[in-house]
Amino acid sequence: MTEADEVVTLVDEEGTEHDFTVIDIIEVDGSEYAILLPVDEENNEAIILKFAKDEEGNELLVDIEDDEEWEKVSDAWEEMIAEEEIE
């Protein structure tokens, strides 16, 4: 399990490394998702990746392939942000 505010390095399809700050980890329908914010890039849009395990049991972060699943997680994240702003 990753701690919030930890920096992770992800490698894109071209092999370029990108650093992201883990700003939150949420659970939706029994699966865990990481909310990541780019560290150095001008694009400050958060991305959402799903925790998964490879064949050896190592933890991975993977893209959410299903649009409906992505919408559900995005909505849950937005609700959490809205609740924090109210408090």
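As the structure is a computational prediction, the values presented were derived from the model and not from experiment.

1. Here's the deal with the pairing of strand β3 (residues 31–38)
Looking down a regular strand, the side chains alternate between one sheet face and the other. Burial analysis of β3 places 6 of its 8 residues in the buried class, which makes it a mostly covered element. For strand β2 (residues 17–28) and β3, the ladder comprises 8 bridges, and the chain directions are antiparallel. Along β3, the bridge assignment pairs Glu27 with Glu32. If you look at the hairpin formed by β2 and β3, you'll find 2 residues sitting between the two strands, and Asp29 has a positive phi there, around 50 degrees. The pairing of β3 with strand β4 (residues 47–53) spans 4 bridges and is classified as antiparallel. Across the sheet, residue Ile35 finds its bridge partner in β4, namely Ile48.

How each quantity is defined
- Residues numbered from 1 in each chain as written.
- Predicted model: local features only at pLDDT ≥ 70, side-chain atom pairs only at ≥ 80, totals over all residues.
- Heavy atoms only, no water.
- Buried < 20%, exposed > 50% of the residue type's maximum accessible area, 1.4 Å probe, protein only.
- Helix = DSSP H or I, 4+ residues; strand = E, 2+ residues; numbered from the N terminus.
- Pairing = 2+ DSSP bridges.

Don't take any of this as a statement about function, it's just geometry.
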